[in-house]
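Remarks on the overall topology
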Amino acid sequence: MNQTTPTHVATSLMFAGLAITGCAAPHANFSENEALHASVHGNEGAFNPAIQDGSELRRARLEMRGTLPDDLIWAAEADFGSNKISLKDFWVGRHEGDGPTITFGHQKQPYSLDVEMSSNDIPFVERGVDTALVIPFVDRAIGLRAQNNSEDLYWAVGLFGEGATKKATADEGFGFAGRLVSAPVQTETEVLHLGVRGAWRRPEDGPGGIRIRDETTNMSNFSVVDTGTLMNVDSVSMYGAEAAWARGPFSIGGEFNSMMLDRMGGDLNFSSWHVQSTYSLTGESRAPAYRIDQGEFKRLRGEKAGDRLWEVSARLASIDLNDGAFSGGAQDAFSLGLNWYYNNNVRLMWGYTTILDTSGGSLQTMAADGLDIFTFRMQFIF
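Remember, it's a predicted structure, so these values are computed and weren't measured experimentally.

This paragraph deals with the overall build of the chain. Each helix and strand counted, the chain has three helices and 21 strands in total. Within the chain, buried positions represent 50% of all 382 residues. Considering only contacts in the chain between residues 6 or more positions apart, those separated by 24 or more positions represent 61%. A total accessible area of about 17500 Å² is found for the chain, and carbon and sulfur atoms account for 57% of it.

Right, dumping it as structure tokens:
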């Protein structure tokens, strides 16, 4: 379980050779997150080779975070899932009083409600296909981030390089991202969330180029839409909007993303969006789970730690990688979900997605119209 353990043992973090050590009664929180996944694709006979189905340990994360003297804060998280070890959060920062929180290290960039929310909290087994447009550019990266909030306003900005696990082949890419959120309604039974965001990035100056594609599941390695490798991209510009409303057991929300690739040979414009809704069959509300200091919703929780909760969800998501003569493919995807919260630490999730209205792209894109995907997740959080 989550636990806070005061200790007088020295605690240290290393960032690029810089050691930060505290000995005056620091404290740390320890948490563990495990997720077992299974997925099956239906009516996949048109694909050769066949789409990969099966089960995997999707996530096995161990996180430590805490405070040090002089208002220093820190976090370190590693993921041992998917038969590999990957670095997630690994940062140090400072927060004093009502001033902004400033952090440096490997962390999420402030762009998109759905991407900034943890997979522990989103109401679907997989994020929507629309996030495939933004995650390659605004996922975790090494950088400097500042954020702050009032009672009904939240902002976050940052300057970032590349992800810690990406091996550079030339000069490292860099960019900035920012997000502004207003929550004019916040009660125990109702929340209204409105946000805008923007990001700009200069990709790595090397031979690798950039590539945008979706993935039907984490282990399928099957993409319905795919730009292929795009060379000579000078910069990537993105902007978007987000909104969510929760009242009683019902919630609805959505996001929109627009992207422009400035490149030699002609600019490209892509877009994506989703609209989703949830309903708690046992009557709980997502409103109390809203956190204005993070500009996001946490997971549905019962009044008591052992409450059994049931939740249903639905989502329509879209991504369009077609622009004029360029055809990376477009698709709509409709998803249904059923979530059972055994308690506040254990959640079972069932998901169904069908691919709708594909256009452009490859023969694979056209063949994917009507493809069904069944997913399951067993999630433990302690």
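The rest of the description comes next.
In this section: the pairing of strand β5 (residues 54-68). Here β5 runs beside strand β6 (residues 72-79); their pairing, made up of eight bridges, is antiparallel. Across the sheet, M64 pairs through a bridge with A76, a residue of β6. Two successive antiparallel strands, β5 and β6, enclose a turn made up of three residues, where D70 displays a positive phi of approximately 60°.

Moving on to the pattern of salt bridges. Tallied over the entire structure, the rule returns 17 salt bridges. Measuring nitrogen to oxygen at the nearest pair gives 2.9 Å for the salt bridge that ties E96 to R94. With relative accessibility at 46%, the residue E96 sits in the partly exposed group. Relative accessible area serves as the criterion here: at 38%, R94 is assigned to the partly exposed category. Across the pair R145 and E116 runs a salt bridge, and its minimum N-O distance is 3.1 Å. Placement of the pair is R145 in strand β9 (residues 141-149) and E116 in helix α1 (residues 113-116), with a sequence separation of 29 residues. Comparing R145 with E116 shows no difference in burial state: the two are buried.

Let's shift gears to the side chain of R197. Of note, R197 is situated in strand β12 (residues 190-202). Within the structure, the side chain of R197 is placed 2.7 Å from the side chain of N257, a separation counted as a polar contact. Discounting residues that sit within four places of it in the chain, R197 has contacts with Y111, S112, L113, G178, R179, Y239, G240, A241, E242, E255, F256 and N257.

Moving on to the packing of aromatic side chains. Considering all chains together, one arrives at 10 aromatic pairs under this definition. Between W340 and Y342, the aromatic rings sit 5.6 Å apart at their centres with planes inclined by 75°, giving edge-to-face as the arrangement. Judged by relative accessible area, W340 falls into the partly exposed class, the value being 22%. Since its relative accessible area comes to 34%, Y342 is described here as partly exposed. Every member of this aromatic cluster is reached through a ring pair, and the members are F174, F176 and W200.

Attention now moves to the nonpolar core. Counting 34 residues, the largest nonpolar core has L133, F137, V236, M238, M259, L261 and F270 as the members making the most contacts within it. Among the elements of the structure, α2 (135-138), β13 (233-247), β14 (250-263), β15 (268-280), β18 (309-323) and β19 (326-341) are those that each provide at least two residues to this core. When residues no more than four places from it in sequence are discounted, the contact partners of L133 are I212, M238, N257, M259, F270, S271, S272, I319 and L321. Judged by nonpolar contacts, the second largest core, of 14 residues, contains L113, M117, A287 and Y290.

What follows concerns unusual backbone geometry. A positive phi angle is found at D71, which is not glycine, with a value near 65°. Residue D71 is classed as partly exposed on the basis of its relative accessible area, which comes to 34%. Of note, the phi angle at S112 is positive, near 85°, even though the residue is not glycine. Of note, S112 is situated in the loop between β8 (101-107) and α1. Relative accessible area serves as the criterion here: at 2%, S112 is assigned to the buried category.

Position of Q107 relative to the elements: it lies in strand β8. The class for Q107 is buried, based on a relative accessible area of 4%. A polar contact of 2.6 Å, which involves the side chain of Q107, links it to the side chain of T103. Here the side chain of Q107 touches G143 through a polar contact of 2.9 Å, landing on its backbone oxygen.

The rules behind these values
- Residues numbered from 1 in each chain as written.
- Predicted model: local features only at pLDDT ≥ 70, side-chain atom pairs only at ≥ 80, totals over all residues.
- Heavy atoms only, no water.
- Helix = DSSP H or I, 4+ residues; strand = E, 2+ residues; numbered from the N terminus.
- Buried < 20%, exposed > 50% of the residue type's maximum accessible area, 1.4 Å probe, protein only.
- Contact = heavy atoms within 4.5 Å.
- Areas by Shrake-Rupley, 256 points an atom, 1.4 Å probe, with all protein chains shown as cover.
- Pairing = 2+ DSSP bridges.
- Salt bridge = Lys/Arg side-chain N within 4 Å of Asp/Glu carboxyl O.
- Polar contact = N/O pair within 3.5 Å; in protein donor to acceptor, adjacent residues only side chain to side chain.
- Phe/Tyr/Trp six-rings, centres within 6.5 Å; stacked < 30°, edge-to-face > 60°.
- Core = buried A, V, L, I, M, F, W, Y, C linked by side-chain atoms within 4.5 Å.

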